[in-house]
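Summary of structural features
Okay, here's what each chain looks like letter by letter:
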Amino acid sequence: MILKSLSPASFLAALFLLSSPLAAQYGELPIRPNLAPEPYFRTEDGRQNKREPDALINRFRLYDFYRRQADWHLSNPSDTRDLLPPYPGLDGGRRGHWGATNEKETTALRRDQSPDFSLVTSRRNDGEFYVLDHPGTSGSLIVMDSLAPGFRRAYANASLSVPEHPFGLGADRFGFELKVAGDVFLEGAKTEWTRDSKPVAWFGGYQVHGKQAVFSWELEKTRVLDLPSLHTSPDGKQTALVRRFEFLDAAPNGFQLALPLRSGGKGGSLAPVTKNEPGPGLIIQLGDASGVTLHRFIASVGVRVDVSDNGSKLELFDVGANARLQVLSWTGPPSSVSAAEAWLEQVFEETKNAIPSSLLRGGPSRFTAPVATTAKLNADPEASGTTYEIDDVALPFDHPDHTPLTLSGLSFASDGTAYACSLVGDVWKITGLHGDMREVRWKRYAAGLNLPMGLEVVDGVPYVATVPHLLRLTDLNGDGEADHYERISRMPLPGTNQNGRDLRRDASGNFCYNTAGGIYRLSPDGGRLDKIGRGARNPFGLGVRADGLVISDSSEGNSENGTCTLYESDHPENAASAAKGKRLLYFPRGVENSPGSRLFLDEPRFGPLGKSLIGVSFGNGGWYSILRDIAGGTPQAAVLPMPGSFLSGACRLAVQPLDGQVFVVGLDGWGDQAVREGCLHRIRFTGRATPFVTAWQGHRNGLRLKFDQDLDPESVTAAAFFVQQWNYVDSPKTYGSPEYSVKKPGAPGHDRLKVAQAVLLPDRRTVFLHLPELLPAMCSQVRATLADASGKPVSLDCYATLQRLHPDAPEAAAAPASRIATLTVPRAEENGSTYQNLLEHFDRLAGRESAKRAVTPEITYRSEDLNYGWIKTNVLTPHCFPCHGPGTQHDYSTVAGLRLKVRTDAPAKSVLHGMVSTGGMPPYPLPALSPSMKKALLDWIQKGAPE
């Protein structure tokens with residue numbers, strides 16, 4: 001037995017693993033106790049007044065680490081260490097860099113029923129629209145292309161489904177992907193509309209009317225309506241594609257229209273073109289012995305039609321305004337041509353009176369009736385009784401249409417009506433979001449959009465940023481549902497396969513938009529797109545100031561991002577910035593691990609923060625104020641966390657115009673600590689007076705903090721303040737970074753700074769802290785409990801990025817002339833595994849030399865011997881069953897249980913493979929797996945995980 005070979009101390013630690021309830025609760029990654037003895041590492045503490053602390057996602061959540069660290073050291077002055085331990089990571093560093101946030105087991109709402117797909121559904125990054133439910137058909141599908149505009153393909157016996165996502169089931173919480181199954185029988189030309197062989201078409205959007213969709217194309221200056229449908233013969237053996245075109249504008253020079261061909265076939269030879277009665281119709285027969293394609297077309301007065309390119313194109317001449325053209329296409333064996341010609345005549349008679357323009361006034365309702373919910377006021381216990389309380393608006397998770405409520409955008413009309421979009425492509429119209437919110441009504445307004453992640457209401461109409469278009473969604477008949485999905489952007493929006501795509505407007509009406517490739521500004525008419533800032537890794541939200549300054553964000557990762565940051569667009573205020581990539585703020589990872597959006601406020605009714613910049617956290621569901629400062633041309637910022645949190649990963653913010661309060665929406669997605677699938681909250685100003693920090697500056701000799709109300713002079717003492725600093729390391733190869741000393745680069749930890757003096761200036765609102773050791777740093781925390789003029793406590797917890805220090809302040813002695821005043825961000829080409837670096841650091845602090853622990857012997861094996869029995873004997877029993885034996889939450893003692901943790905389609909992405917690949921698995925004091933055992937496990941998965 002391996003356990004018998006351990007030292008007594010290690011043996012006791014191993015017994016802890018076997019007997020601890022953590023083994024049954026925690027799952028795949030290393031099960032460890034608190035990593036350090038200081039009480040602020042205790043994940044079981046700091047939970048008072050937190051939302052749902054017993055939820056699985058929060059079971060081992062490490063709350064308020066830096067604040068608790070500061071308070072403990074303020075209360076223990078005998079601890080004179082100047083290098084304090086760093087943040088250990090999510091979940092107290094117990095289970096990987098991301099904690100439990102990406103586990104299926106922590107999904108807030110497990111949907112087992114997929115929703116019905118909309119009449120028009122768009123997914124993926126190819127600009128295609130899938131049109132369903134045409135009259136007289138069953139299981140048929142038309143695909144229209146918005147990038148190479150026109151018809152793309154037609155399916156018979158078709159179905160749409162959602163593939164399973166790594167973080168969820170196949171019930172579509174995310175809206176990223178789509179599976180299309182069926183028999184393709186017609187395919188469109190790569191370029192459908194041309195003039196003199198040059199493309200001329202532009203996609204203008206579509207309108208829905210009941211079970212019909214009318215697409216709009218612009219052929220240079222000619223607007224064309226296209227009403228497609230599929231029709232199946234009574235015996236179910238024949239299917240025809242019908243397209244009815246209507247030219248709203250004249251085109252004297254005409255166009256060429258490429259006709260579809262049978263799937264996988266070629267045009268073949270052109271049969272004689274024959275007249276077909278009644279009316280001026282023609283039938284084109286293309287094909288050979290393997291298959292035939294028939295096209296029957298009928299043109300109205302006002303357009304002259306001819307055939308070219310061996311029958312593969314229609315030539316349209318002298319097109320007049322309101323001219324119409326109907327094209328019917330069929331494909332099948334040569335033996336069915338005669339029957340098909342007769343049947344196409346019947347289809348023509350059935351469809352000839354369907355005029356596209358008659359469907360542009362709005363049609364019958366497609367969605368279910370509105371659903372009512374209510375709100376719970378003052379729902380957050382931590383925010384209760386403070387200046388800003390949080391109200392929860394219930395979401396209709398069980399509404400009849402079954403679509404997920406993963407809310408990803410929010411904006412208000414001037415009358416107080418809200419519109420919110422979701423990742424799966426819906427837009428909801430929400431009323432009643434004011435006052436006590438006793439009856440909030442939700443009406444599904446639009447559906448089928450491609451991953452909408454930003455929404456703005458302009459003149460009462462929602463504009464939505466989708467892949468790859470900005471769409472305006474107009475309700476034409478006042479029934480509360482969008483009928484017209486109109487494209488506004490004149491070019492495809494960039495970065496369609498990237499995160500970001502938040503949508504905001506500046507005072508000039510420009511739309512601002514972000515992707516990994518950059519920050520972009522789109523003119524109000526959609527005609528001009530300018531890149532106004534750099535890109536970043538996985539940006540998610542925006543903040544747009546009225547004058548056009550844009551603040552985007554970057555997630556930590558392996559692209560020069562040791563931690564999450566905020567950065568700015570190009571602007572005269574930052575033209576001389578010395579900051580890396582015009583970064584504004586480096587977030588402490590324990591405060592923010594995935595930023596949402598920001599909001600520049602100009603709303604006096606929102607109280608002391610009514611003129612500030614506030615932001616929300618997708619990663620931890622919190623919110624904070626952001627204070628910007630400019631030192632020597634370099635913008636920098638401080639973040640102040642606010643009390644309270646939200647029920648999902650917070651995404652977007654918007655001001656309710658009726659009362660000036662701020663609403664927040666969010667979702668449960670990836671890397672978040674959500675306890676609900678989606679959320680809607682109001683941040684409400686209570687009128688209670690509490691001093692807030694409104695400005696700050698970092699000087700060469702200290703920090704200056706300005707409050708908006710008077711402070712009690714007796715509370716402002718040096719002993720009341722705690723200040724510490726740290727840096728992260730940017731790397732192109734390492735994911736994230738531990739926290740490192742500023743004074744001793746490379747040493748994990750925080751530098752605690754001596755507060756030589758705390759001075760309350762004569763205005764009684766400005767505090768200056770003399771800090772003789774202050775240096776430029778990515779993160780600098782200031783923590784204190786002060787008092788206002790009446791003696792009530794004032795909590796200060798501020799995190800500032802010091803990229804450039806202002807000159808010495810006159811309130812204290814000057815810093816040495818050699819003091820560095822500008823931040824140089826630490827960088828390493830390769831910084832190792834962040835998670836493993838932290839584990840080894842804390843093990844060394846505790847005398848646990850995990851980096852030097854034993855490694856199991858190398859073993860030889862034959863591929864044919866690899867089955868579950870071999871894996872169980874050589875890997876699971878000695879190394880996994882201490883935490884994953886019979887009866888545990890993640891039971892590996894059966895092949896069925898273990899197969900839940902493997903992916904035979906992508907073996908390297910298997911949870912099981914990822915576990916044994918980390919240096920912290922199996923957990924200390926068990927020996928680490930040898931490379932040959934890790935390879936054997938991967939080989940077994942690649943073989944299909946045989947029993």
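Further up the page is the structure itself.
Residue positions are given per chain, counted from 1 along the sequence in the order it is written. Where totals are concerned, whole chains, interfaces and linings use all residues; where local detail is concerned, this predicted model gives features only for residues with pLDDT of at least 70, and gives and counts side-chain atom pairs only at 80 or more. As a rule here, side-chain values cover all heavy atoms of the structure and leave hydrogens and water aside.

1. Brief notes about helix α3 (residues 65-75)
Working definition: with a 1.4 Å probe on protein chains only, accessible area under 20% of the residue-type maximum means buried, over 50% means exposed, and in between means partly exposed. Only DSSP runs of H or I with at least four residues qualify as helices, and only runs of E with at least two residues qualify as strands; both kinds are numbered from the N terminus onward. Among the residues of α3, those classed as buried are F65, Y66, R68, Q69, A70 and H73. Contacts were defined at the residue level, with two residues in contact if any of their heavy atoms lie within 4.5 Å. Where α3 is buried, its residues contact β1 (83-84), β50 (721-726), β51 (750-753), β54 (777-787) and β55 (793-802).

2. A closer look at the sheet that holds strand β19 (residues 304-308)
Either a parallel or an antiparallel arrangement is found when strands of a sheet pair, and the pairing is made through backbone hydrogen bonds. Spatial strand order, β8-β7-β13-β20-β19: five strands in an open sheet with antiparallel pairing. The open sheet is flanked by β8 (198-199) and β19, the only strands paired with a single partner. Relative to strand β13 (residues 255-258), strand β7 (residues 193-195) runs antiparallel, the two sharing two bridges. Residue pairing for β13: T194 is matched across the bridge by Q256. Strands qualify as paired when DSSP identifies two bridges or more between them.

3. As for the side chain of S489
Residue position: S489 is located in the loop between β32 (484-487) and β33 (503-505). A distance of 3.1 Å separates a polar atom in the side chain of S489 from the backbone nitrogen of L470. The contacts of S489, once residues within four sequence positions are left out, are W202, H469, L470, L522 and G526. Identification of polar contacts relies on pairs of N or O atoms within 3.5 Å, with a donor-acceptor requirement for protein atoms, meaning one able to donate a hydrogen and the other able to accept it, and with residues adjacent in sequence counted only if both atoms are side-chain atoms.

4. As for the state of the cysteines
Put plainly, a disulfide is one covalent bond tying together the sulfur atoms of two cysteines. Note on terminology: disulfide denotes any pair of cysteine sulfur atoms within 2.5 Å. Taken as a whole and assessed by the stated rule, the structure comprises zero disulfides. With no disulfide of its own, C564 lies closest to C779 among cysteine sulfurs, the gap being 11 Å. No disulfide involves C679; its sulfur sits 7.7 Å from the nearest other cysteine sulfur, which is in C651. Residue class for C679 comes out buried when judged on its relative accessible area of 2%.

5. As for the packing of aromatic side chains
Ring pairs are drawn from Phe, Tyr and Trp, using the six-membered ring of Trp, whenever the two centres fall within 6.5 Å, and their geometry is named by plane angle: stacked under 30 degrees, edge-to-face over 60, tilted for the rest. Enumeration over the complete set of coordinates arrives at 34 aromatic pairs. Ring centres of F587 and Y624 lie 5.5 Å apart, and the angle between their planes is 50°; on these two criteria the pair is classed as tilted. Here the residue F587 occupies a position in the loop between β40 (583-586) and β41 (595-600), and Y624 occupies one in strand β43 (residues 623-631), the gap between them amounting to 37 residues. The class for F587 is buried, based on a relative accessible area of 0%. Joined through ring pairs, the aromatic side chains of Y40, F41, F65, Y66, W72, Y87, W726, Y799 and F842 make up one cluster. We note R589 situated over the ring of W98; from NZ or CZ to the ring centre the distance is 5.0 Å. Both a distance and an angle decide whether a charge sits over a ring: NZ of Lys or CZ of Arg must be within 6 Å of the ring centre and within 35 degrees of the ring normal.

6. Quick look at helix α6 (residues 868-884)
End to end, α6 covers just 15 Å across 17 residues, shorter than the expected 24 Å (1.5 Å per residue, more than 12% under). A bend of about 70° at L876 is the largest found in α6, and the proline P878 appears one to four places after it. Listing the buried residues of α6 in full gives Y868, W870, I871, V875, L876, H879, C880, F881, P882, C883 and H884. Near the N-terminus of α6, the side chain that reaches the backbone nitrogen of G869, with its oxygen 3.1 Å away, is that of N867. Under the convention used throughout, the expected extent of a helix is 1.5 Å for every residue step, that is, one less than its residue count. Axes are fitted to the seven residues ending at a residue and to the seven starting at it; the angle between these axes is taken as the bend at that residue.

7. Some remarks on unusual backbone geometry
Cis peptide bonds are those with omega within 30 degrees of zero, and the linkage from V467 to P468 qualifies with -5°. Its place among the elements puts P468 in the loop between β30 (461-465) and β31 (470-474). A positive phi angle, close to 50°, is found at D309, a residue other than glycine. Looking at the element boundaries, D309 is found in the loop between β19 and β20 (313-317). For N378, which is not glycine, the phi torsion reads 50° and is therefore positive. N378 gets classed as partly exposed once you look at its relative accessible area, which sits at 28%.

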